[in-house]
Amino acid sequence: MSSESDPIAERVVPRSRRVNLTVLIWREWVWLVLAAMMVLLSALSSNFLTTSNLLNVLRQVSIVGIVAVGVVVVLIGGNFDLSVGATLTLAAVVSVQMQPTDPVRTALSILVPLALGIGVGATNGAIIGLLRANSIIVTVGMQFVVTGCVLLYVAGQHVRVDNATPFYLALSGGYLLGVPIPVYFFLFVTGLCHFLMTRTLFGRYVRAIGGNPEAARLIGVAVAPYILFTYAISGAAASVSGIVLASRVRNLDPTVGIGYEFSALTAVVLGGARLSGGQGDVLHTLAGVLILGVIANGMRLFNLPFNMQLLVQGVILVAAVALGASGKVGER
Amino acid sequence: MKLTRLLGQRTLWLLMALVVWVSLFGRDFWTLANLQNLVIALSVEGLMVMGMTIVMIGGGFDLSIGSVMALSGVIVVEALPLGKPVAIMFALIAAAAVGIANVSLISGLRVNPFIATLGSMIVVRGLVMTYTNARPVPASDPTFMSLGRATLFGGLPVPGLIFAAALVLTHLLLTSLKIGREVYALGGNEESARSSGIATYRVKMFSYLICSFTAGISGIVLAARLNTGSPIIGENTALNVITAVLLGGASLSGGVGSALGSFGGLLCIGLLGNGLNLFDVPAYYQRIAQGVLLLLLVVLERITHRPTPVSVRGFAYGLQLSGQEPGGDAAGKM
């Protein structure tokens, strides 16, 4: 609903309903969940609502958050991207293997993984967009290929870099105005994708394709390039995450990115994106990512074991989505 | 099934090519030991492929099977002191409970199946990990192993027998029983299925229960084979199983697929892996080869079958992997 005079927005969401409080609550459901959890945690622990702890949460979620933003863009276009974990691993491993010990190599260790990530994404997008192939199968296939190639490249061994340049270290460890640098990356990627999806023709078309590709084609949208772009965005996002992760860890297991696709998808789903495409909001995904981060943080504050975290995370996911779904049913 | 339609199936051609390839060039393919290993490996996943086929024909999705496998494996091992039948019953009840929870979320609360089962996947895994403290539980009863390792009729492993029974049952169920036709109708169009008087809730309950059940049995068989209840098994199972089902001609939007097709998909993946093993191909190359096979299949499919405009409902956009028609013509699309 970008502008008041938009006739399509007018028809989809009538003016009278736009100010309806119930609708607003159900639409912004995920933020309410986040707020409720933050209130609860602040009441339970005095250590939660401190600037340093909140910044810590933000820093910790930024890696999975950047991935999730890419995944939601693809999902709005009606497709899945299950290869992001592999792409993240690829970017991280290549970034370390470039050995960023001098300025030129530092530049390479950022640019090469980024290019590879975009390449993997574009390949996914080309196969899915041009051939209209099943996105789950294609991206799972790509996941196998990329993971295999990474393991082959490093012969299954850990990779490490010593004496990395301060600039490279600052990518994950630096602070600007008291806020960790990865948070800026996260917020920048989120803002950029939100802008793309809400204020540009690109976003409109991707949404249209996700809603009904046949209809989008019939009104003259070239479906394939848009799908390709969404995957390129997702690949780029995953590789940015990989580079940040590499800069943080610097001693990498070549299977480091396994499972990131599901964490990202969980956040996206918490953010209320529709899995069949056409609906989804980058900012809601941000909220979903923050919810996951707040849960993990709360668990750590109370010293609960990791396995218990998994359990609680799953329960909250199901509960939030079930409540959200029942709300949408009521709205209908 | 008519011969022409059979020959039109890409999985079948691929399968034949794979069989020729491994039997001509793989030295030890036709040895009893290799075939037994292959049968056991395929059976554990194959059971779940059958359950998943029913769920996916009904337009559903189940990501939780890997976690259910771990759950039932751990429970059966923990409950062994009570006697084998009781232990197996407990494990199956636990598996069924997960299935009922899935359906309650999907049907009762109208949560998307993908999300609901993603949630139960995480919750069940968390439960198992918390309970076992992420450590494998060794089985105390040596006779329990026989369930996974014994052979019958001069060499057929017991898991293979269980799987063969599951395959036949699933095929009969989908082709000849009323509930099978209702599963196709549900997947074809839920709204019209409901309008035409099908109790969609019951059909869903049935399909998810069967799927969880097969995962439970797989978990028990695997635990018997390993003589251990492992909380970490099955991490990748769901995706592998879904891939096999999709290769076999099912679609994410439901309404199409068949037990035999899924069996073909399973065999393709299994034979490829086995062939690569026989050629001593390193594990990393195998991963790449599997990925390339998947990509090639979809690409070939799309090049040989130019995409026709499909009526788009939910996932339906270009998702039908194989040109296969609905397994049962009349009730498939209503």
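Cut-offs and rules
Residues numbered from 1 in each chain as written. Chains lettered and ligands numbered in written order. Predicted model: local features only at pLDDT ≥ 70, side-chain atom pairs only at ≥ 80, totals over all residues. Heavy atoms only, no water. Helix = DSSP H or I, 4+ residues; strand = E, 2+ residues; numbered from the N terminus. Rg over C-alpha atoms; globule rule 2.2 N^0.38 Å. Contact = heavy atoms within 4.5 Å. Buried < 20%, exposed > 50% of the residue type's maximum accessible area, 1.4 Å probe, protein only. Areas by Shrake-Rupley, 256 points an atom, 1.4 Å probe, with all protein chains shown as cover. Phe/Tyr/Trp six-rings, centres within 6.5 Å; stacked < 30°, edge-to-face > 60°. Buried area = accessible area lost by both parts, 1.4 Å probe. Salt bridge = Lys/Arg side-chain N within 4 Å of Asp/Glu carboxyl O. Nonpolar A, V, L, I, M, F, W, Y, C, P; charged D, E, K, R; others polar. pLDDT = per-residue confidence, 0-100. Axes fitted to C-alpha atoms, helices over the stretch in contact; angles between N-to-C directions. Left-handed = near helix turned anticlockwise from the far one by under 90°.

Participant: Can you walk me through the overall build of chain A in this structure?
Facilitator: Helix and strand counts for chain A come out as 16 helices and four strands. Against the compact-globule benchmark of 20 Å for 332 residues, chain A has a radius of gyration of 20 Å, which places it among compact chains. In terms of overall dimensions, chain A has a C-alpha envelope of 60 × 55 × 35 Å along the principal axes. In chain A, 77% of the contacts between residues at least 6 apart in sequence involve partners at least 24 apart.

Participant: What should I look at first to understand the overall build of chain B in this one?
Facilitator: Regarding its fold elements, chain B presents 15 helices and four strands. Burial statistics for chain B: of 334 residues in total, 55% are counted as buried. Counting only contacts in chain B whose residues sit at least 6 apart along the sequence, the fraction spanning at least 24 positions is 78%. When the accessible area of chain B is evaluated, it comes to approximately 13,700 Å², of which 67% is carbon and sulfur surface.

Participant: Please explain the packing of aromatic side chains as it appears in this structure.
Facilitator: The geometry of two aromatic rings is summed up by the distance between their centres and the angle between their planes. Evaluated as defined, the whole model comprises four aromatic pairs over all chains. Look at A:Tyr205 and A:Tyr226: their rings are 5.4 Å apart centre to centre, the planes differ by 90 degrees, and that puts the pair in the edge-to-face class. Taken as a pair, A:Tyr205 in helix α11 (residues 201-211) and A:Tyr226 in helix α13 (residues 223-249) lie far apart in primary sequence, 21 residues in all. A relative accessible area of 26% places A:Tyr205 in the partly exposed class. Ring plane angle 40 degrees and centroid distance 5.6 Å describe the contact between B:Phe163 and B:Phe263, whose orientation is recorded as tilted. Here B:Phe163, found in helix α8 (residues 158-176), pairs with B:Phe263, found in helix α13 (residues 259-278); they are 100 residues apart in sequence, far enough to count as distant. Here a set of aromatic residues connected by ring pairs shows up, and it is made of A:Phe202, A:Tyr205, A:Tyr226 and A:Phe229.

Participant: I'm lost on the side chain of A:Thr139 in this one. Help?
Facilitator: Its place among the elements puts A:Thr139 in helix α8 (residues 135-153). Setting aside residues no more than four positions away along its own chain, A:Thr139 makes contact with A:Phe80, A:Asp81, A:Leu82, A:Ser83, A:Asn124, A:Ile128 and A:Tyr231.

Participant: Can you walk me through the interface of chain B and chain A in this structure?
Facilitator: Note: interface size is frequently given as the accessible area lost on complex formation between the parts. Each side of the interface is counted separately: chain B has 51 residues, and chain A has 53 residues. Both faces considered, chain B and chain A share a buried interface measuring about 4,500 Å² in area, 80% of it formed by carbon and sulfur atoms. On the surface where chain B and chain A come into contact, there are zero salt bridges. Those elements that provide at least two residues to the side of chain B that touches chain A are α6 (113-132), α12 (237-247) and α14 (283-304) of chain B. The greatest single-element share of the side of chain B that touches chain A, amounting to 14 residues, is contributed by α6(B). Its residues assigned to classes, the side of chain B that touches chain A shows 35 nonpolar, 12 polar and four charged.

Participant: Explanation requested: the environment of A:Thr101 in the structure shown.
Facilitator: All names here are of chain A. The topology assignment puts threonine 101 in the loop between α6 (84-97) and α7 (103-131). Assessed through its relative accessible area of 38%, threonine 101 is described here as partly exposed. Measuring from C-alpha to C-alpha, the distance between threonine 101 and phenylalanine 167 comes to 9.9 Å, with 66 residues separating the pair along the chain. Among residues more than four places away in sequence, those in contact with threonine 101 are Val161, Asp162, Asn163 and Thr165.

Participant: Which parts of the structure should I look at to understand unusual backbone geometry?
Facilitator: The phi angle of most residues is negative, glycine excepted, and most peptide bonds adopt the trans form. All names here are of chain A. Located in the positive-phi region is asparagine 163, a residue other than glycine, with phi close to 50 degrees. Here asparagine 163 shows up in the loop between β1 (159-160) and α9 (166-173). Even without glycine at this site, leucine 177 takes up a positive phi of about 55 degrees. Locating leucine 177 in the fold gives a position in the loop between β2 (175-176) and β3 (179-180). The exposure class assigned to leucine 177 is exposed, which follows from its relative accessible area of 80%.

Participant: For this particular structure, what's the right way to read the confidence of the model for chain A?
Facilitator: One rule of thumb: low pLDDT means the predicted coordinates there are not for detailed reading. Predicted confidence across chain A gives a mean pLDDT of 84, with 91% of residues reaching 70 or more. Summarising per-element confidence for chain A, the mean pLDDT is lowest in helix α2 (residues 15-18) of chain A (52) and highest in α13(A) (93).

Participant: Sorry, what's going on with the packing of helix α5 (residues 84-108) of chain B against helix α11 (residues 200-226) of chain B here?
Facilitator: Geometry of a packed helix pair, given as the angle between the helix axes and the separation of the axes. Residue and element names in this part refer to chain B. Where α5 contacts α11, the two axes come as close as 8 Å, and the packing angle between them is 145 degrees. Relative to α11, α5 is oriented so that their crossing is right-handed. Side by side, α5 and α11 meet where Ile88, Ala91, Leu92, Ala95, Ala96, Val98, Gly99, Ile100, Asn102, Val103, Ile106 and Ser107 of the first sit next to Tyr201, Lys204, Met205, Tyr208, Leu209, Ser212, Phe213, Gly216, Ile217 and Ile220 of the second. Looking at side-chain class alone, the contact of α5 with α11 contains 16 nonpolar, five polar and one charged residues.

Participant: It is not clear to me how the packing of helix α3 (residues 32-57) of chain B against α12(B) should be interpreted in this structure. Could you clarify?
Facilitator: Residue and element names in this part refer to chain B. α12 packs onto α3 with a crossing angle of 65 degrees between their chain directions and a minimal axis gap of 9 Å. Helix-helix and strand crossings are classified by hand; for α3 and α12 the assignment is right-handed. Contacts between α3 and α12 involve Glu45, Met48, Val49, Met52, Thr53 and Met56 on the former and, on the latter, Thr237, Asn240, Val241, Ile242, Ala244, Val245 and Leu246. Of the residues contributing to the contact of α3 with α12, the split by class is nine nonpolar, three polar and one charged.

Participant: Got a minute to help me understand the pattern of salt bridges in this structure?
Facilitator: Two side chains that carry opposite charge are able to pair once their charged atoms sit near each other. Residue and element names in this part refer to chain B. Evaluated as defined, the whole model comprises six salt bridges over all chains. Measuring nitrogen to oxygen at the nearest pair gives 3.6 Å for the salt bridge that ties lysine 178 to glutamate 182. Residue lysine 178 and its partner glutamate 182 are both found in helix α9 (residues 178-188); the two are separated by four residues, about one turn of the helix. Given a relative accessible area of 12%, glutamate 182 falls into the buried group. One salt bridge in this structure joins glutamate 190 and arginine 194, with 3.3 Å as the shortest N-O distance. With glutamate 190 and arginine 194 both in helix α10 (residues 190-195) and four residues apart, this pair spans about one turn of that helix. Judged by its relative accessible area of 28%, glutamate 190 falls in the partly exposed class. Put simply, Glu190, Glu191, Arg194 and Lys204 are held in one network by salt bridges that share partners.

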